[in-house]
Amino acid sequence: MARVVVWHVPVTVTRRTTSLRLFRLRDGRRCAVGFSSAGALAELLGPEQAAVELGEPALRALTAPLGVDELVLDPRLVAAPVVTPAVAPTPGDPSADGATRPVAGRPTTRSGAQLQRR
């Protein structure tokens, strides 16, 4: 009998449901991801990321009805890091008084506070 490899699959947990987290490939197609270890998952998505252990057949069975047929094992971050140029404050600039400016590419609240990515 073939041995089923267990993947650590990221999920979103709410009060009543647990659902698979789906991602996108560079070409825009949706995909499911699995990690060979809990450590690899935490390294890429953070230690707070919830996960379930699933074999490949179970993961494929859950994603097939959604039209997702791509599975990626141990993905790596491929996005370039966001670089913000250092700009000297100009007189009258609100950040000249020590206030922080939002970082480009990072979501902010209406008050301008930067949101932390989980």
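Look up: the structure comes first, before these words.
Numbers given to residues run from 1 along each chain, matching the order in which its sequence is written. Thresholds applied to this predicted model are a pLDDT of at least 70 for local features of residues and 80 or more for the giving and counting of side-chain atom pairs; totals over whole chains, interfaces and linings are not thresholded and use all residues. As a convention, hydrogens and water are excluded, and side-chain values are obtained from all of the structure's heavy atoms.

**Things to note about the sheet that holds strand β1 (residues 6-13)**
Strand pairing requires that DSSP identify at least two bridges connecting the strands. Helix and strand assignments follow DSSP, with helices taken as H or I runs no shorter than four residues and strands as E runs no shorter than two, numbered in order from the N terminus. Across the sheet, which stays open at both edges, the three strands sit in the order β2-β1-β5 with antiparallel pairing between neighbours. Every interior strand has two partners, whereas the edge strands, β2 (18-20) and β5 (51-55), have only one. Each adjacent strand pair in this sheet contributes to an overall mean axis angle of 50°, direction not counted. For β1 and β2, the ladder comprises three bridges, and the chain directions are antiparallel. Residue V13 lies in a different strand from β2, and its bridge partner there is T18. Strands β1 and β5 of the sheet are contacted by helix α1 (residues 38-45), whose axis makes an angle of about 40° with β1. Fitted lines through C-alpha atoms give the axes, limited to the stretch in contact for helices. The angle between two N-to-C directions lies from 0 to 180 degrees. By definition, residues are in contact when any of their heavy atoms lie within 4.5 Å.

**A few points about the pattern of salt bridges**
The salt bridge criterion pairs a side-chain nitrogen of Lys or Arg with a carboxyl oxygen of Asp or Glu, the two atoms within 4 Å. A full pass over the atoms with the stated rule returns three salt bridges. One salt bridge in this structure joins R29 and E70, with 3.0 Å as the shortest N-O distance. Taken together, the residues R29 in the loop between β3 (22-24) and β4 (30-34) and E70 in strand β6 (residues 70-73) connect sequence positions 41 residues apart. Burial here depends on accessible area, computed with a 1.4 Å probe over protein chains only, as a share of the maximum for the residue type. Under 20% is buried, over 50% is exposed, and the range in between is partly exposed. Of the residues examined, R29 reaches a relative accessible area of 40% and is grouped as partly exposed. One salt bridge connects E56 with R60, and the closest N-O pair in it is separated by 2.9 Å. In this pair, E56 and R60 are both assigned in helix α2 (residues 56-63), four residues apart and thus about one turn of the helix distant.

**Considering the pairing of β1**
Two elements, β1 and β5, share five bridges in a ladder whose sense is antiparallel. Note on β5: the bridge partner recorded for W7 is L54. Hairpin connection from β1 to β2: four residues lie between these consecutive antiparallel strands.

**Topic: the nonpolar core**
Nonpolar cores were defined as sets of buried Ala, Val, Leu, Ile, Met, Phe, Trp, Tyr and Cys residues, with membership established by side-chain atoms within 4.5 Å. If you look at the biggest cluster of nonpolar residues, it comprises seven residues: F23, C31, V33, F35, A40, L41 and L45. Listed by contribution, the elements that provide at least two residues to this core are β4 and α1. Among the elements that make up this core, the one with the highest residue count is α1 (three residues). Non-local contacts of C31, meaning those with residues more than four positions away in its chain, are made with L22, F23, R24, L25, V68, E70 and V72. If you look at the next biggest cluster of nonpolar residues, it comprises six residues, including W7, V9, L59 and L71.

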